[in-house]
Amino acid sequence: MTVPRVALVTGASRGIGRSTACRLARWAAVAINYHRSEAPARALADQIAVAGGRAILVQGDVAEPEDRRRMVDRVTAELGPIDVLVNNAGFVRDRLVLRMSLEDWDSVWEANFEGAAWLAREVLPAMAKRGWGRIVNVASVVGIAGNAGQANYAAAKGAMIGLTADLALTSAASGVTINCVAPGYINTDATAAMEQQYRDAWLEQIPMRRWGDADEIAGVIDFLAGDDAAYITGQTIVVDGGLLLSRR
Ligand code: NAP
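Below, the structure is looked at part by part.

So, how was this worked out
- Residues numbered from 1 in each chain as written.
- Predicted model: local features only at pLDDT ≥ 70, side-chain atom pairs only at ≥ 80, totals over all residues.
- Heavy atoms only, no water.
- Salt bridge = Lys/Arg side-chain N within 4 Å of Asp/Glu carboxyl O.
- Buried < 20%, exposed > 50% of the residue type's maximum accessible area, 1.4 Å probe, protein only.
- Axes fitted to C-alpha atoms, helices over the stretch in contact; angles between N-to-C directions.
- Helix = DSSP H or I, 4+ residues; strand = E, 2+ residues; numbered from the N terminus.
- Parallel < 35°, antiparallel > 145°, perpendicular 65-115°, else oblique.
- Left-handed = near helix turned anticlockwise from the far one by under 90°.
- Contact = heavy atoms within 4.5 Å.
- Nonpolar A, V, L, I, M, F, W, Y, C, P; charged D, E, K, R; others polar.

Before going further, it helps to examine the pattern of salt bridges. Applying the stated criterion across every chain yields a total of 11 salt bridges. R95 serves as the salt-bridge partner of D104, at 3.2 Å between the closest nitrogen and oxygen. The class of R95 is partly exposed, set by a relative accessible area of 43%. Among the salt bridges present, the one from R210 reaches E216, with a minimum N-O distance of 2.7 Å. The class for R210 is partly exposed, based on a relative accessible area of 38%. Under the relative-accessibility criterion, E216 is labelled partly exposed at 34%. A single network of salt bridges, built from pairs that share partners, joins E66, R69 and E122.

Following this line, the structure appears as structure tokens:
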């Protein structure tokens, strides 16, 4: 019998992370990281168990070095060494750059970029030693094309894309792949609060004339995390209904 892979998905209590954990649970034991939303995280773990999978909860703020170390240690102790890391946790604090506070800047940078970078650093040595590993970073089209009012977020997601390329080069010979997914506009809690006029304006620009679903991002992450993507590394896969194409 083959031992199931072990996956840690950050920000898995809701949205894209939740859909990703559901998908990965079909072939991996999954650690569901959440920060504040314990109830939905617990409901997801129960759902995975009912479907015959294995999941544990790991509370932690990816922006906090101590939490990151504790999360990796707990997953390793309870499920085994981490084979798949999905750096999905993130949020926005939008404001025009001239009005942006240092707190707005730092909080977005630390959770979206530093959390991902340092978690990757935590798990990479053991992955390389075992000769197999997958890291999938969830960036954004905003990290490629920018968006007025999101300088902090654009910088963090753009840095994530650069980090992906660098770590992929460093790890290419060791059987570890590192890739990025850059979603466009996806229906989740994060975008639900957006005013209707802005939603309509974005919809106009999306060639497919619809927003994406979390599961459409999760499907790409699931592919990149699996054996079929063994020869893909350092890439950023844009999943946006053609949005960036239309802006070229
Ligand atoms: P969401 O529905 O708001 O969910 C965000 C998740 O991240 C939650 O599980 C939340 O945990 C977790 N999280 C936030 N800060 C955290 C922290 N410091 N430590 C640990 N977990 C934290 O967001 P989403 O739309 O699914 O977004 C997921 C990722 O996709 C983000 O990186 C986002 O930037 C990216 N993205 C989203 C879109 C979109 O249109 N939705 C587009 C491009 C990129 P708790 O609830 O437990 O606090």
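Let us keep going from here.
Moving on, we get to the packing of helix α3 (residues 65–78) against helix α4 (residues 102–130). Running from N to C, α3 and α4 point in directions that differ by 40 degrees, and their axes come no closer than 10 Å. As judged from the angle between their axes, α3 and α4 are oblique. Of the two possible hands of crossing, α3 and α4 adopt the one that is right-handed. Within the contact between the two elements, α3 uses R68, R69, M71 and V72 and α4 uses E114, G115, W118, L119, E122 and V123. Class assignment for the residues of the contact of α3 with α4 results in 5 nonpolar, 1 polar and 4 charged.

The next subject is the packing of α4 against helix α6 (residues 151–171). Two elements in contact, α4 and α6, have axes whose closest approach is 8 Å; the angle formed by their N-to-C orientations is 15 degrees. The angle between α4 and α6 falls in the class roughly parallel. α4 and α6 meet at a crossing whose hand is right-handed. Residue-level contacts link D104, W105, V108, W109, N112, F113, A116, A117, A120 and L124 of α4 to A151, N152, Y153, A155, A156, K157, A159, M160, L163, L167 and S171 of α6.

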